[in-house]
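These are the residues of each chain, in order.
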Amino acid sequence: MLMNRVETVLVTSPANRAFQRCVEAPMLRRLGGRTPGARALEIGCGSGYGTKLIIDQFGAATVDAVDLDPAMVTRARRRLRRYADQVRVVQGSADDLQAALGAGDAAYDAVFDFGIIHHITNWRDAVAEVARVLRPGGRFFFLEVTAAALARPSYRRLLDHPTEDRFTARQFLAELTDPGLDPADNWRTYVGSDYLAGVAQKP
Ligand SMILES: C[S@@+](CC[C@H](N)C(=O)[O-])C[C@H]1O[C@@H](n2cnc3c(N)ncnc32)[C@H](O)[C@@H]1O
């Protein structure tokens, strides 16, 4: 499900970008380390700010970035112009990365999800795709919005998200283990139980 106008303004605001840069990305680095030289994938890249962090803060060599919204793909391509030799931005869905990117099994060293899986109705399919495209030993870095946050009146009134079958932190972590991803203790919730950050490894 695409972001509505209110969410687009909030997500792309300077305050949110500062939070991502100074709080969320460092939190993920503490939980799972950097990814120097990695071939990385970002699902739901939005306007491309996370892709920039994956290169600048995590040290990835290349990033394939995919988003469902053609308008976001255009914005991301514009933002990432100077990374043209490292970044490929395509329109497509995170629940079918073969169709979106031609991504085969074990194609990536690291996959990043900066708050997009809760936008997907069939979110378990996206988790399974992440596990499929990670190589053994590869890592899945995730920041997610839980059912607790999505149930808040502010979220329900102002933003558009699927309403059925959303996940708690525990349910999301349990779903990771089904296709073989192991978050171990490398996760935490923040802002109460509204948000989940973590890193899971494919054995
Ligand atoms: C909350 S935004 C986060 C965007 C970006 N990660 C960021 O941090 O700025 C969620 C993004 O997920 C995208 N999205 C929603 N469903 C998707 C899907 N099935 N596959 C890929 N992207 C999707 C939306 O278009 C939107 O850009």
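The rules we used
- Sequence order as written defines the numbering, with residues in each chain counted from 1.
- A pLDDT threshold of at least 70 governs which residues receive local features in this predicted model, and a stricter bar of 80 or more applies before side-chain atom pairs are shown or counted, although totals over entire chains, interfaces and linings include all residues.
- Side-chain numbers come from the whole structure's heavy atoms, not from hydrogens or water.
- Here, a salt bridge means any Lys or Arg side-chain nitrogen found within 4 Å of an Asp or Glu carboxyl oxygen.
- What counts as a helix is a DSSP run of H or I of at least four residues, what counts as a strand is a run of E of at least two, and both are numbered from the N terminus.
- Classification of residues uses two cut-offs on accessible area relative to the type maximum, computed with a 1.4 Å probe and protein chains only: under 20% is buried, over 50% is exposed, and between them is partly exposed.
- We call a residue near a molecule or strand when any one of its heavy atoms sits within 4 Å of it.
- Each polar contact in these results corresponds to two N or O atoms within 3.5 Å; when the atoms are within protein, one needs to be able to donate a hydrogen and the other to accept it, and residues that are neighboring in sequence are counted only if both atoms are side-chain atoms.
- Residue-level accessible areas treat just the shown protein chains as cover; the underlying method is Shrake-Rupley with a 1.4 Å probe.
- Residue polarity is assigned by list, with Asp, Glu, Lys and Arg as charged and Ala, Val, Leu, Ile, Met, Phe, Trp, Tyr, Cys and Pro as nonpolar; anything else, Gly included, falls into the polar class.
- One requirement defines pairing of two strands: DSSP has to find at least two bridges between them.
- Axis lines are fitted through C-alpha atoms, for helices just across the contact stretch, and the angle between N-to-C directions can take any value from 0 to 180 degrees.
- Two residues qualify as a contact provided that any one of their heavy atoms is within 4.5 Å of a heavy atom in the partner residue.

*Asks:* Would you mind showing me how to read the pattern of salt bridges here?
*Replies:* Where charged atoms from two side chains of opposite charge approach closely, those side chains can pair. Within this structure, the stated rule accounts for nine salt bridges. Where Arg-132 meets Asp-105, a salt bridge forms, and the shortest distance between an N and an O atom there is 2.8 Å. Here Arg-132, found in helix 6 (residues 123-133), pairs with Asp-105, found in the loop between helix 5 (97-101) and strand 4 (108-114); they are 27 residues apart in sequence, far enough to count as distant. Residue Asp-105 is classed as exposed on the basis of its relative accessible area, which comes to 58%. Its salt-bridge partner being Arg-135, residue Asp-109 comes within 2.6 Å of it at the nearest N-O pair.

*Asks:* Looking at this structure, how should I read the site of the ligand?
*Replies:* Inspection of the region around the ligand gives 23 residues, with Arg-17, Gln-20, Gly-44, Asp-67 and Ala-94 positioned closest. Here Ala-94 contributes a backbone N or O atom positioned 2.9 Å from a nitrogen atom of the ligand. Considered on its own, the ligand offers 600 Å² of accessible surface; in the complex 97% of this is hidden by protein. Listing elements by their share of the shell around the ligand, those giving two or more residues are helix 1 (5-11) and helix 2 (14-32). Broken down by class, the residue content of the shell around the ligand amounts to eleven nonpolar, seven polar and five charged.

*Asks:* Got a minute to help me understand the sheet that holds strand 6 (residues 187-190) in this structure?
*Replies:* In space, the seven strands of this open sheet follow the order 3-2-1-4-5-7-6, with mixed pairing throughout. Pairing within the sheet leaves two strands with one partner each, and these edge strands are strand 3 (87-91) and strand 6. Mean inter-strand twist for the sheet, computed between neighbouring axes without regard to direction, equals 10 degrees. Here strand 4 pairs with strand 5 (residues 134-145) via six bridges, running parallel. Note on strand 5: the bridge partner recorded for Phe-114 is Leu-143. Helix 2 rests against strand 4, strand 5, strand 6 and strand 7 (195-201) of the sheet, and its axis sits at about 40 degrees to strand 7. Sheet strands touched by helix 6: strand 1 (39-43), strand 4 and strand 5. Its angle to strand 5, the strand with the most contacts, is close to 150 degrees.

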